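Residue strings, one per chain:
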Amino acid sequence: MTTTASETLAARHGATLLRIALGTMWITHALLKIFVFTLPGTAQFFESAGLPGFVAYVVVAAELAGGAALLLGFYGRQASLLLAPVLAVVVWVHWPNGWVFTSPKGGWEYPLFLLVASLAQWLLGDGAWAARRSRLLVPR
């Protein structure tokens, strides 16, 4: 099967749209933890889920930095892969609440979708208009 130039261009732009959407989502979720739930409130939630409270601060920093990297196309592929474990833990935390994320305490379908989207970003690549690319942690 051969790939045409228009298919390649469409794939690059599709990867760019995914990268921008994921970057926006990560930044938004970090800001939600800062301005709505507050960092101490987020730490308290982490503790109620059985995680150390200080991890909340690390997660927020990772969400902000990773989101910015994705948005700017600065090693976006690697940022997606490195943020995937955060989503895996979110799925684990919300698993007992059921499928729908609008359930009390949130379900796990949205975090699972974002985990799959992040892995797809890693597989697809940075897309067009990436500021910096790397060959590190790139699937072959």
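Structure: see above.
Predicted model, so just to flag it, every value in this text is computed and none were measured. (Residues numbered from 1 in each chain as written. Predicted model: local features only at pLDDT ≥ 70, side-chain atom pairs only at ≥ 80, totals over all residues. Heavy atoms only, no water.)

Chemist: Even after reading the chapter, I still don't get the overall build of the chain, so can you show me in this structure?
Modeler: For the chain, the helix and strand inventory stands at five helices and zero strands. Listed by position from the N terminus, the elements making up the chain come as α-α-α-α-α. When its C-alpha atoms are laid out on the principal axes, the chain stretches across 50 × 30 × 25 Å. In the chain, buried positions account for 36% of the 140 residues. Put simply, 65% of the contacts in the chain that link residues at least 6 apart link residues at least 24 apart. Approximately 8,300 Å² of the chain is accessible, and the part contributed by carbon and sulfur atoms is 73%. For the chain, the separation between the mean place of its 9 positive charges and that of its 5 negative charges on side chains is 11 Å. (Helix = DSSP H or I, 4+ residues; strand = E, 2+ residues; numbered from the N terminus. Buried < 20%, exposed > 50% of the residue type's maximum accessible area, 1.4 Å probe, protein only. Contact = heavy atoms within 4.5 Å. Areas by Shrake-Rupley, 256 points an atom, 1.4 Å probe, with all protein chains shown as cover. Lys, Arg positive; Asp, Glu negative; His and termini not counted. Charge placed at Lys NZ, Arg CZ, Asp CG, Glu CD.)

Chemist: How should the packing of aromatic side chains be read in this particular structure?
Modeler: Aromatic ring pairs are reported here in terms of the distance separating the ring centres and the angle at which the planes meet. The final tally for this structure, using the stated rule, is three aromatic pairs. Aromatic side chains Trp 99 and Trp 108 sit 4.7 Å apart centroid to centroid with 80° between the ring planes, which places their arrangement in the edge-to-face category. The class of Trp 108 is buried, set by a relative accessible area of 14%. Grouped by ring-pair contacts, the aromatic residues Trp 95, Trp 99 and Trp 108 constitute a single cluster. (Phe/Tyr/Trp six-rings, centres within 6.5 Å; stacked < 30°, edge-to-face > 60°.)

Chemist: I'm lost on the layout of surface pockets in this one. Help?
Modeler: One way to see where empty space is left: roll a probe the size of a water molecule over the atoms. There is about 640 Å³ of room inside the largest pocket. Looking at the largest pocket, it is lined by 27 residues, and the ones nearest its centre are Lys 33, Phe 45, Phe 46, Val 90 and His 94. Elements with a minimum of two residues in the lining of the largest pocket: helix H1 (5-35), helix H2 (39-48), helix H3 (55-72), helix H4 (76-94) and helix H5 (109-124). Ranked by the residues each element gives to the lining of the largest pocket, the list is headed by H4, at seven residues. Each residue belonging to the lining of the largest pocket can be placed in one class, and the counts come to 20 nonpolar, four polar and three charged. For the second largest pocket, the full set of lining residues is Thr 8, Ala 11, Arg 12, Ala 15, Arg 77, Leu 124, Gly 125, Asp 126, Gly 127, Arg 133 and Ser 134. The dominant element in the lining of the second largest pocket, judged by the number of residues it contributes, is H1, at four residues. Grouping the amino acids of the lining of the second largest pocket by side-chain chemistry returns three nonpolar, four polar and four charged. (1 Å grid on protein atoms, 1.4 Å probe; cavity = no way out; pocket = protein on both sides within 12 Å on 5 of 7 lines; lining within 4 Å. Points joined across faces, edges and corners; volume = space filled by probe spheres on them. Nonpolar A, V, L, I, M, F, W, Y, C, P; charged D, E, K, R; others polar.)

Chemist: Would you mind going over H3 with me for this structure?
Modeler: One turn of an α-helix holds 3.6 residues; hence residues three or four places apart share an orientation. Here H3 is 18 residues long and its end C-alpha atoms lie 25 Å apart, about the 26 Å a rise of 1.5 Å per residue gives. Looking only at H3, the buried set comprises Ala 56, Val 59, Val 60, Glu 63, Gly 66, Gly 67, Ala 69 and Leu 70. In this structure, the buried side of H3 is in contact with H1, H2, H4 and H5. Positioned one or two residues after H3, Gly 73 has a phi angle of 75°, which is positive. (Expected span 1.5 Å × (residues − 1).)

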